[in-house]
Amino acid sequence: MAPTTPISLNDMPQEILSEIALFAATESFLGPPAGLLPLVKTNRWTYSSLSLISNPYVYAKIYESKFDVSPASRRLGVDSFATPALAQELKRKCILLNRIRDRQGSRADSSNRKEDLQQFLTQIYLMVVENEGNNERQLREFAHIDEWLKEFWLDEHGASGSWQAIQRGLWPDHSEITCLAMWLYWFLLKPEQYKREDQYTRRALSIFKVYALGAHWYPLVTPSWTEFRPSSLARGAPLAMYDSKLGLKAPALSVPAILSFISLYNLHERKDYSMPLVPSHASPPQSLLLNTIGNEWECEWGRSTNLGTQKLPADKELLDAFRPGSLDGVWEGIFTYTEFTSYAALLSGAPPHFLQNILVAQHKQTWKLREHHLLASSASDNFDSCPRQSGNVTTNLEPVAPGNALHAYFPLETQIEETPQGLTITEPVPGKQPLLYQRAGSQKKPHAAQEAKPRVLDIIITGEGHSSWGEFRLIGRVRPCDGFISLSKDYINGDRGKWLYRGYLVGNHNSNLAGRWRDTLSPPSVPGYEGCFTMTRRR
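Residues numbered from 1 in each chain as written. Predicted model: local features only at pLDDT ≥ 70, side-chain atom pairs only at ≥ 80, totals over all residues. Heavy atoms only, no water.

A. The overall build of the protein, seen in detail. Secondary structure assignment for the protein yields 17 helices and 15 strands. Counting over 539 residues, the protein shows a buried share of 53%. A sequence separation of at least 24 residues applies to 72% of the contacts in the protein between residues at least 6 apart. Carbon and sulfur atoms provide 53% of the accessible area of the protein, an area that totals close to 24500 Å². (Helix = DSSP H or I, 4+ residues; strand = E, 2+ residues; numbered from the N terminus. Buried < 20%, exposed > 50% of the residue type's maximum accessible area, 1.4 Å probe, protein only. Contact = heavy atoms within 4.5 Å. Areas by Shrake-Rupley, 256 points an atom, 1.4 Å probe, with all protein chains shown as cover.)

B. Looking closely at the pattern of salt bridges. Applying the stated criterion across every chain yields a total of 24 salt bridges. Its salt-bridge partner being Glu64, residue Lys61 comes within 3.6 Å of it at the nearest N-O pair. Residue Lys61 and its partner Glu64 are both found in helix H4 (residues 56-66); the two are separated by three residues, about one turn of the helix. Residue Lys61 is classed as partly exposed on the basis of its relative accessible area, which comes to 36%. Three or more residues joined by partner-sharing salt bridges are found here, namely Arg74, Arg75, Glu132 and Glu298. (Salt bridge = Lys/Arg side-chain N within 4 Å of Asp/Glu carboxyl O.)

C. The arrangement of helix H1 (residues 14-26) in detail. For H1, with 13 residues, the first-to-last C-alpha span of 18 Å sits near the 18 Å given by 1.5 Å per residue. Those residues of H1 that fall on the buried side of the exposure criterion are Leu17, Ser18, Ala21, Leu22 and Ala25. The arc enclosing the buried residues of H1, seen along the axis, measures out at 145°, which places them on a common side. Next to the buried residues of H1 lie helix H2 (36-40), helix H3 (44-50) and H4. (Expected span 1.5 Å × (residues − 1). Arc of directions from axis to C-beta.)

D. Layout of unusual backbone geometry. Cis geometry marks the peptide bond from Thr222 to Pro223, where omega comes out at 0°. Note on placement: Pro223 falls in the loop between helix H12 (199-213) and strand E1 (237-238). The phi torsion at Arg103 lies on the positive side, around 60°, for a residue other than glycine. Take Arg103: it is sitting in the loop between helix H6 (83-101) and helix H7 (114-129).

E. Representation of H7 in the model. In this model, H7 (16 residues) spans 22 Å end to end at C-alpha, consistent with the 22 Å of a helix rising 1.5 Å per residue. Within the sequence span of H7, burial applies to Leu117, Phe120, Leu121, Thr122, Ile124, Tyr125, Leu126, Met127, Val128 and Val129.

F. View of the packing of aromatic side chains. Scanning the entire structure with this criterion turns up 28 aromatic pairs. The interplanar angle of 65° and the centroid separation of 5.7 Å between the aromatic rings of Tyr343 and Tyr529 together place this pair among those described as edge-to-face. With Tyr343 in helix H17 (residues 340-347) and Tyr529 in the loop between strand E14 (512-519) and strand E15 (530-537), this pair connects stretches of sequence that are 186 residues apart. As far as burial versus exposure is concerned, Tyr343 and Tyr529 are alike and both buried. Among the aromatic residues, ring-to-ring pairing joins Phe120, Trp148, Phe152, Trp153, Trp171, Tyr185, Phe208, Tyr211, Trp217 and Tyr218 into one connected group. For the cation-ring pair, Lys489 lies above Phe335, with the distance from its terminal atom to the ring centre recorded as 4.5 Å. Directly above the aromatic system of Trp469 lies the positively charged group of Arg496, at a separation of 4.3 Å from the ring centroid. (Phe/Tyr/Trp six-rings, centres within 6.5 Å; stacked < 30°, edge-to-face > 60°. Lys NZ or Arg CZ within 6 Å of the ring centre and 35° of its normal.)

G. Inspection of the pairing of strand E11 (residues 470-478) at higher detail. In this structure, strand E10 (residues 456-467) lies alongside E11, joined through eight bridges in antiparallel fashion. Among the inter-strand pairings, Ile460 is bridged to a residue of E11, identified as Arg477. Taking the residues between adjacent antiparallel strands as the criterion, E10 and E11 are bridged by two residues. Note: E11 against strand E12 (residues 485-491), seven bridges, orientation antiparallel. (Pairing = 2+ DSSP bridges.)

H. Up close: the packing of H6 against H7. One can describe the packing of H6 onto H7 by two numbers: an axis separation of 11 Å at closest approach and a directional angle of 105°. Between H6 and H7, the crossing angle belongs to the class labelled roughly perpendicular. The segment H6 lies against H7, with Arg92, Lys93, Leu96, Leu97, Arg99 and Ile100 engaging Phe120, Gln123, Ile124 and Met127. (Axes fitted to C-alpha atoms, helices over the stretch in contact; angles between N-to-C directions. Parallel < 35°, antiparallel > 145°, perpendicular 65-115°, else oblique.)

I. Inspection of the nonpolar core at higher detail. Formed by 144 residues in total, the largest nonpolar core has its most connected members in Leu121, Trp153, Phe208 and Trp367. No other element matches helix H11 (residues 176-188), which puts eleven residues into this core. Dropping the residues within four chain positions of it, Trp153 is found in contact with Ser160, Ser162, Thr178, Ala181, Met182, Tyr185, Ile207, Phe208 and Tyr211. (Core = buried A, V, L, I, M, F, W, Y, C linked by side-chain atoms within 4.5 Å.)

J. Looking closely at the packing of H7 against H11. Put simply, H7 and H11 touch, their axes get as near as 9 Å, and they point 30° apart. Classified by the angle their axes make, H7 and H11 are roughly parallel. Here H7 runs over H11; the crossing is left-handed. On the side of H7, the interface is formed by Lys114, Leu117, Gln118, Leu121, Thr122, Ile124, Tyr125, Val128 and Val129, while H11 contributes Glu176, Ile177, Leu180, Ala181, Trp183, Leu184, Phe187 and Leu188. Its residues assigned to classes, the contact of H7 with H11 shows 13 nonpolar, two polar and two charged. (Left-handed = near helix turned anticlockwise from the far one by under 90°. Nonpolar A, V, L, I, M, F, W, Y, C, P; charged D, E, K, R; others polar.)

K. How the structure looks around the side chain of Ser162. Here Ser162 shows up in helix H10 (residues 162-167). There is a polar contact of 3.0 Å between the side chain of Ser162 and the side chain of Tyr211. What Ser162 contacts, discounting residues up to four positions off in sequence, is Trp153, Pro172, Ile207 and Tyr211. (Polar contact = N/O pair within 3.5 Å; in protein donor to acceptor, adjacent residues only side chain to side chain.)

L. Highlighting the pairing of E14. Of all eight residues in E14, eight are buried, a share of seventy percent or more. Sheet topology places strand E13 (residues 498-506) next to E14; eight bridges connect them, and they run antiparallel. Looking across to E14, one finds that Leu505 is bridged to Leu513. Linkage of E13 to E14, two consecutive antiparallel strands, is achieved through a turn of five residues, within which Gly507 is found at a positive phi near 105°. Summarising the sheet, E14 and E15 pair through seven bridges and their orientation is antiparallel. Opposite Ala514, over in E15, you have Thr534 as the bridge partner.

M. Structural detail: the side chain of Ser51. Structurally, the position occupied by Ser51 is in the loop between H3 and H4. A residue is classified by how much of its surface remains accessible, and Ser51, at 12% relative accessible area, is buried. There is a polar contact of 2.7 Å between the side chain of Ser51 and the side chain of Ser54. Residues within four places of Ser51 in sequence aside, it is in contact with Pro56 and Tyr59.

Given below as C-alpha cells:
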C-alpha cells in the first residue's frame with residue numbers, strides 16, 4: 001500500500017480550513033478566540049483565508065458561540081444579522097473584555113476621556129441588557145467586571161469620583177457615565193461579596209446613601225417626573241452593531257442607587273421577602289419565557305432606547321418600556337424615612353456628609369395592585385382613531401388627558417368607578433364620553449394565531465394596602481415613554497394624609513418596584529419631603 005501524502009495547509013480548501021479555525025477558536029468558551037491566532041499566523045495562505053476581512057463567516061460564527069445574539073434580533077425584528085456586522089462586533093467585544101480585564105477606565109486618570117469612557121460603559125450596559133447567559137459569563141469570569149465596578153465606585157481613586165467628592169463636602173457627579181455605572185452596579189451586584197464591617201461596604205453605603213436620599217440633588221427620572229408626555233428627548237449613544245436609528249441613554253441613577261443602598265443597608269440582618277430581589281440571586285428565566293416575554297432586562301432595553309431615541313412611533317413606546325400585566329398582584333416591601341427636621345436641613349444646603357449621621361427608619365408595607373388597560377380595537381388604531389362606544393361608554397379613544405403630577409397624572413375632578421371588569425373614567429370635560437379601561441386578564445384571547453392582540457394605549461393602576469401606619473388606597477398611571485410609574489397613596493383613617501410613590505419596575509421576570517415617595521403639599525416644581533421605597537412581588 002502506497003504511503004499517504006500529508007496535506008499541507010497550503011493545499012487545504014478554505015471551507016475545511018474555516019472549520020478547523022472554528023474548532024480552534026471555540027474550544028475554550030471564555031474570552032477572545034486565542035486559539036485562532038496561531039493558525040492565522042501560520043503562513044500567507046492561512047492569513048489570506050482566515051483574516052477578518054476575507055472570511056467574516058468564521059468570526060460571525062465565533063461571535064454566535066461566545067455571546068448572546070437572540071435578544072438583539074428579537075427586539076429589532078430581524079431573523080439574522082449580516083455576517084460582516086457580527087464579525088466586527090466580535091472584534092469590538094473582545095477589545096471591550098480585555099479593557100475591563102486590564103481595569104482600564106476604573107480609576108481616575110487624566111488619560112480617561114469622558115467620551116471614550118461613556119462609550120465604553122454603553123457597550124458594557126448593552127451586553128448586560130442583552131444577556132441570556134453567555135454575556136454575563138464573559139463579563140464575570142473572564143473580564144472580572146465585579147472588580148472593575150468595585151474599583152470604579154469604591155476605590156479612593158475610583159473614576160466615579162464619588163468618594164473623593166463626599167470627603168470634600170461636595171455632592172457627587174450624576175453624569176451619563178455615573179448613570180450607566182450605577183445601573184451596571186445593580187445589575188451585577190453580589191451582596192455576599194460584602195462583609196458588614198468591611199471598608200468597601202461602609203464606603204458603598206456612604207456613597208449610595210447620598211444618591212438614594214439626596215432627592216433634591218439627584219432627579220428620580222429624566223425627563224422630569226412632572227411631565228407625563230415629555231416634549232423632547234435627548235439623543236443617546238448610537239448602537240453601532242445594529243445599523244439602526246436607535247440611540248441608547250441610561251435612565252437616571254436614583255432607582256439603582258436606592259436598590260443597591262437598601263440591599264446593602266440590610267446586609268446580613270433582614271432575611272425576609274420585604275427586601276429587594278437582587279438579580280444575581282434570582283432564578284434564571286426558562287427558555288419558553290425568553291421566547292414569549294424576553295430576557296430579564298427586556299424593559300430596561302426598551303426604556304433606554306426610548307430615552308435615547310429622539311422620535312418614537314406612538315405604538316412602540318409603552319410596550320417597549322413596560323410589559324402590560326406585570327404590576328398585577330400582591331407586592332411586599334419597605335419604605336424609608338428620616339426626621340423632617342433632618343431632611344429640612346438638607347434642603348437648606350447641608351453638605352452630603354451630613355447624611356452619614358441621619359438615621360434611616362424603615363417600615364414594611366403590602367400592596368395589592370390591579371392593572372386596567374385602554375385598548376385599541378385593532379393593531380392599526382392609534383390615539384387619533386374614531387371612538388367606538390358600548391352603551392354610553394367609549395371603549396376606544398384617546399387616553400385620559402395628562403393631569404397634575406401630584407395627582408398621579410389625573411386631571412382634577414376626574415371620576416373613577418371600579419368594577420370587576422375594569423374602570424369607567426369620566427373626565428371633567430363637558431360632552432366627553434366616559435372611557436372604559438378593561439381589567440388586565442379580562443380581555444378575550446385571539447381566536448387564531450395570526451390574530452393580533454389589541455394594543456394597549458394606556459395603563460391605570462388601582463389597589464389597596466397596609467403598613468404599620470394603617471390602611472390605604474392606591475391609584476396611578478404608567479408614563480408611556482419610559483414605563484415610569486406614579487401612584488397616589490391615600491390613607492383611609494387617621495391623619496397620615498396623602499403621599500405620591502414614583503419609580504420604575506426593574507426586571508422582567510424577577511421584578512423590583514423602586515423609587516421615591518414625596519409629600520403632595522409641596523408644589524411639584526420645588527423639592528419636597530421625600531424618602532425611598534422598594535417592593536417585590538410576594539413569593
